[in-house]
Amino acid sequence: MAKPAQGTKYRGSIHDFPDFDPSRDAEALYTAMKGFGSDKEAILELITSRSNRQRQEICQSYKSLYGKDLIADLKYELTGKFERLIVGLMRPLAYCDAKEIKDAISGIGTDEKCLIEILASRTNEQIHQLVAAYKDAYERDLEADILGDTSGHFQKMLVVLLQGTREADDVVSEDLVQQDVQDLYEAGELKWGTDEAQFIYILGNRSKQHLRLVFDEYLKTTGKPIEASIRGELSGDFEKLMLAVVKCIRSTPEYFAERLFKAMKGLGTRDNTLIRIMVSRSELDMLDIREIFRTKYEKSLYSMIKNDTSGEYKRALLKLCGGDDDAAGQFFPEAAQVAYQMWELSAVARVELKGTVRPADNFSPDADAKALRKAMKGLGTDEDTIIDIITHRSNAQRQQIRQTFKSHFGRDLMADLKSEISGDLARLILGLMMPPAHYDAKQLKKAMEGAGTDEKALIEILATRTNAEIRAICEAYKEDYHKSLEDALSSDTSGHFKRILISLATGNREEGGEDRDQAREDAQVAAEILEIADTPSGDKTSLETRFMTILCTRSYQHLRRVFQEFVKMTNYDVEHTIKKEMSGDVRDVFVAIVQSVKNKPLFFADKLYKSMKGAGTDEKTLTRIMISRSEIDLLNIRREFIEKYDKSLHQAIEGDTSGDFLKALLAICGGED
């Protein structure tokens, strides 16, 4: 069993089996494989209940007792994924890694993801053992094989990592931190082209502790996380490798939690990845991985494995997982620490928001008005021209086109478009033609008219707009529907939900910085209303009002500090606590506010993903977000989408829509990531 470092707790899920007898275990395995068929349950139970060190002793005893190779017999008796998992467990970790890398670079093509995962995450000692195991198992030099199978900067960084010479964590120098920040900044953001050698040298050699300080200082100096610079400056497998290195520097368990989630989400399971991680981390940090998995994905690793796999393969994986954390119902120390760091990152980052639709160069409203009239005149409609013009002009330019169209032809462009196009395309094009505040006002009106209310649309708009946007929406609503938005919300909603929406619709959120003392007080109110404070006090109704006031009127910067203080005070994350303690529309609107404060582009990326996943498409949500964010932060949303879901927004739209609606959406999306 892997020994924890001096003074640290063991965080693996597999332990040495008490009263271990390798000869008895060897006999049990021989019996399980003797005769016709094999007792897979007995094999599974025994092997997943022994540590790797004990399994090596069993292999020795098996050979001594029967003159046979245990791994060869297991390969013969078992098949498929279950066989790969059991055989992987029987190898020492270094030899398991060596086999994975050999498979990754053998044959046609290279499994770059496997190379990245192993070499970015292993310690110096593990790298040295891997290199020795590879030499022993295959009588080949691992570095030479990597050089023969990879190229460019990707190859150079792999070779640096293969040396296993990262500095020890006690090697930290404040002066060097500042120098490395400056060198990375000058090598990327400030340089025409990128000096990849600086990224390779610093990220490949500095100690983890030193690099964490570099990343913190880089964020303070440049206003963006190092990951954003890497995505902007590097590309391809080299970019993926460097991002993996950064993730492992920040938190190796979090890196593996993310890899496991991506291995199982969506259709199909990436079994090689799942097996490799469950085997390699079972005696290192599986408990930390489980904690972070549950925090990030709101489900336990155990439950996801259970739902995504089957048979003996599933039972073996669940044994390696070691337990179901959904029963616990609360945060773990490691997970709380990750949540705290996430809020810290959110508080410091100065993210530059970018839309995908920008004002057209050499814009001529006269030429565009004529082209649109021609596209709609006579029999048939030229949808391609309509899509091309309207999706490649800013909203301000579209308003000029509307005015010019009326001046030239005495016709209302919106009315003409309505009569010429229909369905999803019409909703998208007509939405793009409306000024943003009037478009949002119309979406709110639609959400409240007729039988039933579309609470999700109300929440999405009112919880995410700025003060200026909210005030403009209120004016547009009054102008278009001769009724105040507040009166409309009062008529159509009720209770706490109504009060929250009306508070948001005033557009009176504070816009200053944070007040640390006030943040601690606000965090205490949140802890009391969510019933996890040590000393609840005060009237419940009064607390509810104060909690609503905090979430609806405090500035985003202040709220980030409140949510950090909340984690420190309670060991819980505020979003997860709201989901657990509240229900219905009140829960949904508070969660939307928290997510918007945390990372607004990610909030919209999630909404877009949900609008297209599964059977059927929620075209209304898809259209509304693509229109409303196209000139604000759709480029940021695209980046969050691919980061979280491992596929681009462009690909998702392409796979879920069709025809002219698809063409128009892709034009607004603005590119493939």
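Note that the structure is predicted; figures quoted are calculated from it, not measured. (Residues numbered from 1 in each chain as written. Predicted model: local features only at pLDDT ≥ 70, side-chain atom pairs only at ≥ 80, totals over all residues. Heavy atoms only, no water.)

It is worth spelling out the overall build of the chain at this point. Along the chain, the regular secondary structure elements total 39 helices and zero strands. Against the globule reference of 26 Å for 673 residues, the chain gives a C-alpha radius of gyration of 29 Å, in line with a compact fold. Taken along the three principal axes of its C-alpha coordinates, the chain extends 95 × 65 × 60 Å. Within the chain, buried positions represent 51% of all 673 residues. Across the chain, the fraction of contacts at a sequence separation of at least 24, relative to all contacts at a separation of at least 6, is 73%. Total accessible area on the chain is roughly 30200 Å²; 47% of this is exposed by carbon and sulfur atoms. Across the chain, the mean location of the 96 positive side-chain charges is 3 Å away from that of the 113 negative side-chain charges. (Helix = DSSP H or I, 4+ residues; strand = E, 2+ residues; numbered from the N terminus. Rg over C-alpha atoms; globule rule 2.2 N^0.38 Å. Buried < 20%, exposed > 50% of the residue type's maximum accessible area, 1.4 Å probe, protein only. Contact = heavy atoms within 4.5 Å. Areas by Shrake-Rupley, 256 points an atom, 1.4 Å probe, with all protein chains shown as cover. Lys, Arg positive; Asp, Glu negative; His and termini not counted. Charge placed at Lys NZ, Arg CZ, Asp CG, Glu CD.)

Now for empty space enclosed by the protein. One pass over the full model with this rule turns up one cavity of 30 Å³ or more. Each pocket or cavity is described by its volume, and for the largest cavity that value is around 90 Å³. Leu462, Arg465, Asn467, Leu504 and Arg509 are, among the 13 residues lining the largest cavity, the residues nearest its centre. Among the elements of the structure, α28 (467-481) and α30 (495-505) are those that each provide at least two residues to the lining of the largest cavity. Its residues assigned to classes, the lining of the largest cavity comprises six nonpolar, five polar and two charged. (1 Å grid on protein atoms, 1.4 Å probe; cavity = no way out; pocket = protein on both sides within 12 Å on 5 of 7 lines; lining within 4 Å. Points joined across faces, edges and corners; volume = space filled by probe spheres on them. Nonpolar A, V, L, I, M, F, W, Y, C, P; charged D, E, K, R; others polar.)

Bringing the pattern of salt bridges into the picture now. One pass over the structure, following the stated rule, counts 49 salt bridges. Where Glu312 meets Arg315, a salt bridge forms, and the shortest distance between an N and an O atom there is 3.9 Å. Separated by three residues within a single helix, Glu312 and Arg315 lie in helix α19 (residues 311-321), roughly one turn from each other. Owing to a relative accessible area of 35%, Arg315 belongs among the partly exposed residues under this scheme. For Glu565, the salt bridge goes to Lys568, with nearest N and O atoms at 3.7 Å. Here Glu565 pairs with Lys568, and both are found in helix α33 (residues 556-570), just three residues apart, close to one helical turn. A single salt-bridge network, built from bridges that share partners, covers Arg231, Lys247, Glu254, Glu258, Lys262, Lys296 and Glu643. (Salt bridge = Lys/Arg side-chain N within 4 Å of Asp/Glu carboxyl O.)

Turning to the side chain of Arg561, a few remarks are in order. Along the chain, Arg561 falls in helix α33. A polar side-chain atom of Arg561 sits 2.6 Å from a polar atom in the side chain of Gln564. (Polar contact = N/O pair within 3.5 Å; in protein donor to acceptor, adjacent residues only side chain to side chain.)

It is worth spelling out the packing of helix α26 (residues 436-448) against helix α27 (residues 455-462) at this point. Helix-helix packing: each pair is described by the crossing angle between the helix axes and the interaxial distance. Following both chains from N to C, one finds α26 and α27 inclined at 155 degrees, their axes separated by 8 Å at the closest point. Taken together, α26 and α27 sit at an angle that is classed as roughly antiparallel. Crossing of α26 over α27 shows left-handed handedness. Residue-level inspection shows Asp440, Gln443, Leu444, Ala447 and Met448 of α26 in contact with α27, the latter providing Ala457, Leu458, Ile461 and Leu462. Tallied by class, the residues present in the contact of α26 with α27 amount to seven nonpolar, one polar and one charged. (Axes fitted to C-alpha atoms, helices over the stretch in contact; angles between N-to-C directions. Parallel < 35°, antiparallel > 145°, perpendicular 65-115°, else oblique. Left-handed = near helix turned anticlockwise from the far one by under 90°.)

Right, let's talk about the domain arrangement of the chain for a bit. Partitioning the chain into domains gives domain 1 (22-92), domain 2 (436-506) and domain 3 (516-598). Just the C-alpha atoms count here: the centres of domain 1 and domain 3 sit 53 Å apart. (Domains from an automatic or database assignment.)

Once that is clear, we can look at the layout of surface pockets. In this model, the second largest pocket occupies a volume close to 440 Å³. Lining the second largest pocket we find 19 residues, and of these Arg427, Tyr439, Lys442, Gln443 and Lys446 sit closest to its centre. When residues of the lining of the second largest pocket are traced back to their parent elements, those giving at least two are α24 (413-420), α25 (423-433), α26 and α36 (619-629). The greatest single-element share of the lining of the second largest pocket, amounting to five residues, is contributed by α26. Classifying every residue of the lining of the second largest pocket by side-chain character gives eight nonpolar, three polar and eight charged.

This brings us to the nonpolar core. One finds Phe547, Phe590 and Met626 to be the most contacted residues of the largest nonpolar core, which totals 103 residues. Residues lining this core come from more than one domain, with at least three contributed by each of domain 2 (436-506) and domain 3 (516-598). Among the nonpolar cores identified, the runner-up in size contains 94 residues, and Leu241, Cys248, Met286 and Tyr313 belong to it. (Core = buried A, V, L, I, M, F, W, Y, C linked by side-chain atoms within 4.5 Å.)

Turning next to the state of the cysteines. By the definition in use, this model includes zero disulfides. In this structure Cys59 is not part of a disulfide, and its nearest cysteine sulfur, from Cys96, lies 13 Å away. On the basis of relative accessibility, which here comes to 17%, the residue Cys59 falls in the buried class. (Disulfide = S-S within 2.5 Å.)

Under the definition given, this model contains 16 aromatic pairs. Ring plane angle 75 degrees and centroid distance 5.2 Å describe the contact between Phe603 and Phe604, whose orientation is recorded as edge-to-face. Its relative accessible area of 3% is what places Phe603 among the buried residues. You can call Phe604 buried: its relative accessible area is 0%. Lying across the ring of Tyr138, Lys102 places its NZ or CZ 5.5 Å from the centre. Directly above the aromatic system of Tyr481 lies the positively charged group of Lys445, at a separation of 5.4 Å from the ring centroid. (Phe/Tyr/Trp six-rings, centres within 6.5 Å; stacked < 30°, edge-to-face > 60°. Lys NZ or Arg CZ within 6 Å of the ring centre and 35° of its normal.)

With that settled, consider α30. Those residues of α30 not exposed but buried are Phe497, Ile500, Leu501, Ile502, Ser503, Leu504 and Ala505. At the exit of α30 stands Gly507, carrying a positive phi of roughly 65 degrees.

Time to look at the environment of Ile58. Examined against the element boundaries, Ile58 turns out to sit in helix α3 (residues 52-66). With near-sequence residues (within four places) excluded, Ile58 lies in contact with Phe20, Pro22, Asp25, Ala26, Leu29, Leu46, Arg50 and Leu70.

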